[in-house]
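# Chains, contacts and geometry: an overview
Take a look at the letters that make up each chain.
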Amino acid sequence: MDLRTFRRDFITRPLFRQAARVMPPISETEREAIDAGTVWWDGALFTGDPDWNKLLAMPPAKLTEEERAFMDGPVRQLCAMVDDWKIVWQDRDLPAEVWNFMREKKFFGMIIPKKYGGLGFSNTAHSEVVRTVSSCSVVAGVSVMVPNSLGPGELLMHFGTDEQRDYWLPRLADGREIPCFGLTSPDAGSDAAAMTDTGLVEYGMWKGKKTLGIRLNFHKRYITLGPIATVMGLAFKMYDPENHLGRGEDLGITVALLPTSTPGVNHGERHIPQFTYFQNGPLYGKDVFVPLDHILGGEERIGQGWKMLMTALAAGRGISLPSQSAASAAICARTTGAYARIRTQFNVPIGMFEGIRQPLADLAANAYLIDAARRLTVAALDEGHRPSVISAIMKYHATDRMRDSIVKAMDIHGGKAIIDGPRNYLGGQYRSVPIGITVEGANILTRNLMIFGQGAIRSHPYMLEELLALSDSDKARGLDRFDRTLWKHIGHAFATGWRAFSRGWSGGRLAPAPEGAAMPHHWQQLSRYASAFALLSDLSLATLGGALKRKEMISARLGDILSELYLLGAVLKRFEDEGRQEEDRPIVDYVIAQGQRRIAAAFAGVLDNLPARWAAVLVRLIAFPVGLPGNAPSDRLTNEVAETLMRNSPQRDRLTPDIYLGEGRQEHPLQHLERAFVLVEAADPIEKKMREKRVRDPEEARDKGIISEAEFARLVEAKAAAARVIAVDAFPMEEISPIAAQHRQTKAPHARRAAPRRSRTAGST
Ligand SMILES: Cc1cc2nc3c(=O)[nH]c(=O)nc-3n(C[C@H](O)[C@H](O)[C@H](O)COP(=O)(O)OP(=O)(O)OC[C@H]3O[C@@H](n4cnc5c(N)ncnc54)[C@H](O)[C@@H]3O)c2cc1C
């Protein structure tokens, strides 16, 4: 007996039996979700020793000239056509000319290749367009996003038959067809595979002929573009009770392309998603009959619906919502910094108060981080990766930090952002936050179940192979596979333990950083955390086994560490890619400090709660001998970062590139804000002169010769511009409520006071 056989039969075999007991079998839907997409940088992070040089060597996301021209042309034109307030208050839809413009300029066919009449844009361009359009209007952003994201277009390109592509793609590209995707039903939300929508294989009449097809019955809800869609990608469970296809009765989740004009399909009702009036509603189907060629990808794709959806989501989740979130975070940072400069209370711009500076710094940090991670992710997609774990990280963290930004922006704006009307540039973004949080995998589920749960299996260097070996139907072969992998895994664990030890005990000084990187200490800390993460995740998996699935709080925290390692790596890469802009150093320092605190809190959460106490003690001893690091950003740094948003500078523009600021519109609240910001900042030296002489009234200052006539004029102009920004809307009573008319008739006291027209005190836009 050789050494290996001895090892396998006497050491591995009992471990194999024990592991088979504690690891639950992987269900078919889980397996398909795990198989979907590819492993990319997440794989490197799971090794505990990522080679940051590779990350830095990756070319940054870039637009082609044609894509840039589209951004500067049709995208800007579209933004100028959309009046977000009018959509909310009056039209409850995008106007017809906007829909037509989007069709004509092929906004719905951005990802469709040119040979089918689409724009054939890269993932980067797709993301940039969604980002800019979302910065002008969430309704327009979602309407552009959905046809280019998970839906018929995307699925056809990857899985459609040639005939289906030739027929549908040109029609989708030029907007003749409006698509929607129907997965969610009342019983099946997060657990989408639990849908009760069915398709039975049977003979029916199609164009006057007896044809073998599917009889569909479904109730879908929350479907974006559903009310106006002409074609629906419908997910349903397919059954063949009479075995017409010879493949048994239960055929699994399948996707069909269903024209909404098919008899039996009922759509047109609308949901109102948080008064964000993009088209969204339920679709019903009663005994809808279609031939088998309506199955997306043809008969060979029967039962592959779940896999197709997961594959599409693996990329899509990394584009749409992260782009929208990046837009919101940038808008919040830019507008709030400006407002904090313009708005004074207690005779001081509110941005000078430290209480305001704290959230202001967070706004700058979120804007920098989300966009850094978005750019890295779309660059990876352009290289052909479809990283499902990274895209889940992006979906969760981009939307969650967008929510943080909007809440902080609202806090700083106070009543200005609460009072709705055409002057309110934040209300629409705020209302739409829960939508991003909920769709494409609700956030709680994504954080607690998917990021680490999927990553531990998919991205871990050995786990998937071990699980496959455990579930191998040939037990002898399974044991052999398990033996080979397990011992490599054990060797890897020792190497990880050593790395975690040397990096932990040296406080990160012995950890690697990429060659010539500008901030090696930050990279070293990331390397340190990466090795501690690999050690802790291995011990968590080894001691919890399949129970980790139920221990969602532990899984979520491990996912948080993994996510921070990705996001902070993206931040450091952005700093390098942008040519190491000196002024951005404080933001990078701030983001990293915040991230390290989050990492430390997540480590502490796992170590305090891991049921195997010995494992927690061991990790603390190896990786964190003097406790968990992670100091909060200092007050000095916080002040410095906050100030970047209160200065009109190239740095501020670099932080918020390509967002829509009202160009091409006669009246737009962001135009007023930007103008006032510039004027108020320019008037600063004038106000300083007055402060020094303790004079507050500009006229008095002019009369006393403290400021010149020209300075007086500039100051008055700045104050008028600021007043215009600070103004909010007020409406005649009747415009808000028809009941007001009754009040007037009964001469209610408050009706007598009501102004007949929009309040002039507020000015008009
Ligand atoms: C505006 C809007 C547009 C949409 N567009 C579309 C569309 O075009 N097509 C389509 O098919 N669907 C669409 N959806 C559906 C969307 O994908 C679902 O809403 C989403 O999957 C969540 O389902 P649910 O709302 O039923 O929440 P539920 O599944 O009921 O979840 C409720 C809560 O429980 C949490 N949760 C569930 N399971 C777990 C778990 N195991 N662990 C921890 N937490 C868990 C969730 O995170 C969530 O917080 C849309 C939804 C909205 C609101």
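Residues numbered from 1 in each chain as written. Predicted model: local features only at pLDDT ≥ 70, side-chain atom pairs only at ≥ 80, totals over all residues. Heavy atoms only, no water.

### Brief notes about the overall build of the chain
The secondary structure content of the chain amounts to 33 helices and 9 strands. Whereas a compact globule of 765 residues would reach a radius of gyration of roughly 27 Å, the chain reaches 29 Å, a difference of no more than 12%. Taken over the C-alpha atoms alone, the chain extends approximately 105 × 80 × 55 Å along its principal axes. Across the 765 residues in the chain, those meeting the buried criterion constitute 58%. By sequence separation, contacts in the chain at least 24 residues apart represent 76% of the contacts at least 6 residues apart. (Helix = DSSP H or I, 4+ residues; strand = E, 2+ residues; numbered from the N terminus. Rg over C-alpha atoms; globule rule 2.2 N^0.38 Å. Buried < 20%, exposed > 50% of the residue type's maximum accessible area, 1.4 Å probe, protein only. Contact = heavy atoms within 4.5 Å.)

### Some thoughts on the environment of Tyr-566
By the element assignment, Tyr-566 lies in helix H22 (residues 552-577). Tyr-566 sits 193 residues away from Ala-373 along the chain, and the two C-alpha atoms are 7.9 Å apart. Residues contacting Tyr-566, with those up to four places away along its chain left out, are Trp-40, Trp-41, Leu-45, Ala-373, Leu-376, Thr-377, Ile-390, Ile-393 and Met-394.

### Re the packing of aromatic side chains
Throughout the structure, instances matching the rule amount to 22 aromatic pairs. Its guanidinium or amino end placed over the ring of Tyr-203, Lys-210 lies 4.9 Å from that ring's centre, counting from NZ or CZ. Note that Arg-702 overlies the ring of Phe-712, its terminal NZ or CZ placed 4.1 Å from the centroid. (Phe/Tyr/Trp six-rings, centres within 6.5 Å; stacked < 30°, edge-to-face > 60°. Lys NZ or Arg CZ within 6 Å of the ring centre and 35° of its normal.)

### A word on the nonpolar core
In terms of nonpolar packing, the biggest core is built from 141 residues, with Leu-360, Phe-533, Leu-565, Tyr-566 and Phe-603 touching the most fellow members. Top element by residues in this core is helix H14 (residues 354-382). It accounts for 15 residues. Beyond its immediate sequence surroundings of up to four residues, Leu-565 is in contact with Leu-45, Trp-52, Leu-526, Tyr-529, Ala-530, Phe-533 and Ile-599. Formed by 57 residues, the second largest nonpolar core is a distinct cluster that contains Phe-70, Leu-119, Val-138 and Val-201. (Core = buried A, V, L, I, M, F, W, Y, C linked by side-chain atoms within 4.5 Å.)

### Focus on helix H20 (residues 475-505)
Taking 1.5 Å of rise per residue, the 31 residues of H20 would be expected to cover 45 Å, and the 43 Å separating its terminal C-alpha atoms lies within 8% of that figure. By the N-cap criterion, in which a side-chain oxygen at the helix start approaches the backbone nitrogen of a residue two or three places on, H20 is capped by Asp-474, the distance to Ala-476 being 3.2 Å. Just downstream of H20 lies Gly-507, where phi reads positive at about 60 degrees. (Expected span 1.5 Å × (residues − 1). Polar contact = N/O pair within 3.5 Å; in protein donor to acceptor, adjacent residues only side chain to side chain.)

### Considering the site of the ligand
Phe-181, Leu-183, Thr-184, Ser-190 and Tyr-222 are the nearest of the 20 residues found near the ligand. The separation between a nitrogen atom of the ligand and a polar main-chain atom of Phe-181 is 2.8 Å. The contact in question runs from an oxygen atom of the ligand to an N or O atom on the backbone of Leu-445, over 3.1 Å. Relative to its unbound accessible area of 970 Å², the ligand is 67% covered by the protein chains. Within the residue set of the shell around the ligand, elements represented by two or more residues are strand S1 (179-182), strand S3 (209-224), helix H17 (427-438) and helix H18 (443-458). (Near = heavy atom within 4 Å. Areas by Shrake-Rupley, 256 points an atom, 1.4 Å probe, with all protein chains shown as cover.)

### Brief notes about helix H11 (residues 162-173)
With 12 residues, H11 ought to run about 16 Å at 1.5 Å a step, and its terminal C-alpha atoms sit 16 Å apart, in line with that. Those residues of H11 not exposed but buried are Gln-164, Arg-165, Trp-168, Leu-169, Leu-172 and Ala-173. Along the axis of H11, the buried residues cluster in a sector spanning 125 degrees; they form a single face. Just past H11, the residue Gly-175 takes up positive phi, approximately 80 degrees. (Arc of directions from axis to C-beta.)

### Re the UniProt feature "domain: Acyl-CoA dehydrogenase/oxidase C-terminal" (unreviewed entry) in the chain
Mapped onto the present numbering, the UniProt feature "domain: Acyl-CoA dehydrogenase/oxidase C-terminal" (unreviewed entry) falls on residues 303-449. Across residues 303-449, helical content stands at 77% and strand content at 3%; the span's end C-alpha atoms are separated by 25 Å. (UniProt positions renumbered as here; feature names shortened; annotations may be inferred.)

### Focus: unusual backbone geometry
In this structure, Arg-92 is a non-glycine residue whose phi angle is positive, near 55 degrees. On the secondary structure map, Arg-92 appears in the loop between helix H6 (84-91) and helix H7 (96-104). The exposure class assigned to Arg-92 is partly exposed, which follows from its relative accessible area of 44%. For Asp-658, which is not glycine, the phi dihedral falls at a positive 60 degrees. Turning to its location among the elements, Asp-658 is positioned in the loop between helix H26 (650-655) and helix H27 (669-682). The exposure class assigned to Asp-658 is partly exposed, which follows from its relative accessible area of 23%.

### Description of the UniProt feature "domain: Acyl-CoA dehydrogenase C-terminal bacterial-type" (unreviewed entry) in the chain
In the numbering used here, UniProt assigns the "domain: Acyl-CoA dehydrogenase C-terminal bacterial-type" (unreviewed entry) feature to residues 457-731. A helix fraction of 70% and a strand fraction of 0% characterise residues 457-731, whose end C-alpha atoms lie 57 Å from each other.

### Looking at the pairing of S1
Side chains of S1 alternate between two faces, with Pro-179 and Phe-181 and Cys-180 and Gly-182 buried alike. The sheet contact formed by S1 and strand S4 (residues 231-239) spans 4 bridges and is parallel. Residue pairing in the sheet places Pro-179 in a bridge with Val-231 of S4. (Pairing = 2+ DSSP bridges.)

### Considerations on the environment of Arg-557
Following the sequence through the fold, Arg-557 ends up in helix H22. The spatial distance from the C-alpha of Arg-557 to the C-alpha of Gln-651 is 34 Å, given a sequence separation of 94 residues. If we skip the residues at most four places from it in the chain, Arg-557 touches Arg-447, Ala-602, Gly-605, Val-606 and Asn-609. Here Gly-605 takes part through its backbone oxygen, which lies 3.3 Å from a polar atom of the side chain of Arg-557.

### Quick look at the side chain of Lys-408
Structurally, the position occupied by Lys-408 is in helix H15 (residues 388-413). With relative accessibility at 19%, the residue Lys-408 sits in the buried group. One polar contact links Lys-408 to Asp-362, side chain to side chain, over a distance of 2.9 Å. Sequence-distant contacts of Lys-408, that is, excluding residues within four places in its chain, are made with Pro-359, Asp-362 and Leu-363.

### With respect to the packing of helix H2 (residues 28-35) against helix H12 (residues 305-316)
Here H2 crosses H12 at 35 degrees, and the two axes come no closer than 8 Å. Along this stretch, H2 crosses H12, giving a crossing that reads as right-handed. On H12, the residues that touch Thr-29, Glu-32 and Ala-33 of H2 are Trp-306, Lys-307 and Met-310. Of the residues belonging to the contact of H2 with H12, the class tally is 3 nonpolar, 1 polar and 2 charged. (Axes fitted to C-alpha atoms, helices over the stretch in contact; angles between N-to-C directions. Left-handed = near helix turned anticlockwise from the far one by under 90°. Nonpolar A, V, L, I, M, F, W, Y, C, P; charged D, E, K, R; others polar.)

### Notes on the confidence of the model for the chain
With 97% of its residues at a pLDDT of 70 or more, the chain has an overall mean of 93. The low-confidence segment residues 751-765 (pLDDT under 50) makes 25 contacts with residues lying over four places distant or belonging to another chain. (pLDDT = per-residue confidence, 0-100.)

### Structural notes on the state of the cysteines
Taken as a whole and judged by the stated rule, the model has 0 disulfides. Of the cysteine sulfurs around Cys-136, a residue in no disulfide, the closest is that of Cys-79, at 3.6 Å. (Disulfide = S-S within 2.5 Å.)

### Focus on the pattern of salt bridges
All chains considered together, the criterion is met by 61 salt bridges. Salt-bridge contacts for Asp-72 lead to Arg-68; the nearest nitrogen and oxygen are separated by 3.1 Å. One end of the pair is Asp-72 and the other is Arg-68, both in helix H5 (residues 65-81) and 4 residues apart, which spans about a single turn. Salt-bridge contacts for Lys-220 lead to Asp-197; the nearest nitrogen and oxygen are separated by 2.7 Å. One end of the pair, Lys-220, is in strand S3; the other, Asp-197, is in the loop between S1 and strand S2 (198-206), with 23 residues separating them in the sequence. Asp-197 matches Lys-220 in its accessibility class, with the two residues each being buried. (Salt bridge = Lys/Arg side-chain N within 4 Å of Asp/Glu carboxyl O.)

### A word on the pairing of strand S7 (residues 280-291)
Taken across its 12 residues, S7 has 9 buried, putting it largely inside the fold. By the bridge criterion, 3 bridges tie strand S6 (residues 265-267) to S7 in an arrangement that is antiparallel. Across the sheet, Val-265 pairs through a bridge with Gly-285, a residue of S7.

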